[in-house]
Amino acid sequence: MGWTLSDLPFFDARHRALGERLAALPPPAHPEPRGAEEVARRSRESLRWIAGSGLLDIVVPRADASGARRIDVRALCLVREFFGYHDLLADTMFTMQGIGTAALWLAGTAAQQQRYLDRCRAGESIAALALTEPEAGSDVAALATTARREGDHFVIDGAKTLITNAGIADHYIVIARTGEEPGARGLSAFMLDAGTPGLEVGEPIDLIAPHPLGSLRFDGCRVPADALIGAPGQGFKAAMAVFDIFRPSVGAAGVGVARRALDEALGHVRQRVLFGKPMARLEGVQARIADMATDTETAALAVYRAAWAKDVTGGRCSREASMAKLVGSEAAQRVVDAAVQLFGGRGITKGYMVEQLYREVRGMRIYEGASEVQRMIIARDLLA
Ligand SMILES: Cc1cc2nc3c(=O)[nH]c(=O)nc-3n(C[C@H](O)[C@H](O)[C@H](O)COP(=O)(O)OP(=O)(O)OC[C@H]3O[C@@H](n4cnc5c(N)ncnc54)[C@H](O)[C@@H]3O)c2cc1C
């Protein structure tokens, strides 16, 4: 092409420099981990590698001269696109250090920030966000975990599930009901250290693709009052502000996955001979490849626009963020599916990258709000 994506007008010089840094830094290639123990070990190793590469400064931002901490969403997206292409487990570990600390750098006290952020940025401790419950996923307002004030403590009771890093995290941001008001307005955010009495970690949840995932139980779990992040009743707002920043980046990881699937497919159709000639010379194959590339680039533009809008305005950009998440994750699924089809039986054979991508890509349309939830947010914004 003669130009790189970070040459697009949505990006500036520091993003171009980051693009060059990433190009020189492909993550170590390794076989897919199997079983919860291996996934946990590989997750920790990945985080150490990412910390060593200095990339965690992007997801756990340092305070600027005015004391404010702001994430560069375009940089976040470039890194996630890179990990989407190379290693989705590394993508998870990179991203969760941000998602699992964002409420702290958005609304935490100086003491809370000092206690947790430097260690997370150095990859010395692992972060997590515990929002989802067995009976409340898409409908966050239905959360039932409670945090009851008792003197200078809160007592947390309830359960969380589908929590990334559950069991390997050193601390959790937990969203629980403090009950000032019903629905989403009665939710508050707390910082909880692993090992706090009354916090129990369940068995790992075994997904179709490697992902450190598990559940948590809170049984009379006492935390000091200063574990509250921000004001009581601001938990939902904090979670939504975090998603506003991170949703475009899910789309970016999707773009990375789609680019990888396209590259795998291009390599295959050039060398596979069908009906006496390379597959690449069949018109039907060419049309499929063209659709895959167009789908990928269209999604990339939606992602870059959302990231740019967030960086430039600094305000809420929920509609753009949801569009980017929706388009990026749905395009990734279509492109990976098309790649599998081009590989034929090999496409669903263990050991082929497209088979792995086919399993790995599926969660993107569900986590951080399923596609249907993103459509709901977009429509509500348009109809408001
Ligand atoms: C890999 C992975 C990692 C995750 N990590 C975390 C984490 O770190 N922390 C955390 O708190 N949670 C995490 N989650 C949970 C995730 O956020 C939830 O799975 C998601 O919000 C959906 O909730 P649910 O699974 O309970 O599905 P439900 O809420 O039961 O929804 C089921 C389906 O209903 C459909 N649906 C939803 N709303 C509508 C609607 N309005 N109209 C029509 N259909 C609709 C969607 O297709 C949805 O998939 C993770 C999930 C996965 C898969």
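Residues numbered from 1 in each chain as written. Predicted model: local features only at pLDDT ≥ 70, side-chain atom pairs only at ≥ 80, totals over all residues. Heavy atoms only, no water.

Colleague: Outline the pattern of salt bridges, listing residues and values.
Modeller: For the structure on display, the rule yields 26 salt bridges. With a shortest N-O distance of 2.9 Å, Arg14 and Asp72 are connected by a salt bridge. Residue Arg14 is found in helix 1 (residues 13-23), and its partner Asp72 is found in the loop between helix 3 (56-59) and helix 4 (73-86); the two are separated by 58 residues along the sequence. You can call Asp72 buried: its relative accessible area is 17%. The residue Arg316 makes a salt bridge to Asp244 at a minimum N-O spacing of 3.2 Å. Of this pair, Arg316 sits in the loop between helix 9 (283-313) and helix 10 (318-343) while Asp244 is found in helix 8 (residues 235-271), placing the two residues 72 residues apart along the sequence. Using a relative accessible area of 4% as the deciding quantity, one classes Asp244 as buried. (Salt bridge = Lys/Arg side-chain N within 4 Å of Asp/Glu carboxyl O. Helix = DSSP H or I, 4+ residues; strand = E, 2+ residues; numbered from the N terminus. Buried < 20%, exposed > 50% of the residue type's maximum accessible area, 1.4 Å probe, protein only.)

Colleague: Lay out helix 5 (residues 88-99) with the relevant residues and their values.
Modeller: With twelve residues, helix 5 ought to run about 16 Å at 1.5 Å a step, and its terminal C-alpha atoms sit 16 Å apart, in line with that. For helix 5, the tally of buried residues reaches twelve of twelve residues, placing the bulk of the element in the interior. Restricting attention to buried positions, one finds in helix 5 the residues Leu88, Leu89, Ala90, Asp91, Thr92, Met93, Phe94, Thr95, Met96, Gln97, Gly98 and Ile99. Where helix 5 begins, the capping side chain belongs to Asp87, and its oxygen is found 3.1 Å from the backbone nitrogen of Leu89. (Expected span 1.5 Å × (residues − 1). Polar contact = N/O pair within 3.5 Å; in protein donor to acceptor, adjacent residues only side chain to side chain.)

Colleague: Just give me the short version of the site of the ligand, but keep the residues and values in it.
Modeller: Taken together, 20 residues form the shell around the ligand, and within it Leu129, Leu131, Thr132, Ser138 and Leu162 come nearest. In this structure, a nitrogen atom belonging to the ligand sits 2.6 Å away from a side-chain N or O atom of Thr132. Within the backbone of Leu162, a nitrogen or oxygen atom sits 3.0 Å from a nitrogen atom of the ligand. Isolated, the ligand exposes 980 Å² of accessible area, and the fraction of that covered by the protein chains is 66%. When contributions to the shell around the ligand are tallied by element, the ones reaching two or more residues are strand 1 (127-130), strand 3 (153-164) and helix 12 (371-383). (Near = heavy atom within 4 Å. Areas by Shrake-Rupley, 256 points an atom, 1.4 Å probe, with all protein chains shown as cover.)

Colleague: Lay out the UniProt feature "domain: Acyl-CoA dehydrogenase/oxidase C-terminal" (unreviewed entry) in the protein chain with the relevant residues and their values.
Modeller: Following the UniProt record, the feature "domain: Acyl-CoA dehydrogenase/oxidase C-terminal" (unreviewed entry) maps to residues 233-382 here. Structurally, residues 233-382 is divided into 76% helix and 3% strand, and its ends, taken at the C-alpha atoms, are 27 Å apart. (UniProt positions renumbered as here; feature names shortened; annotations may be inferred.)

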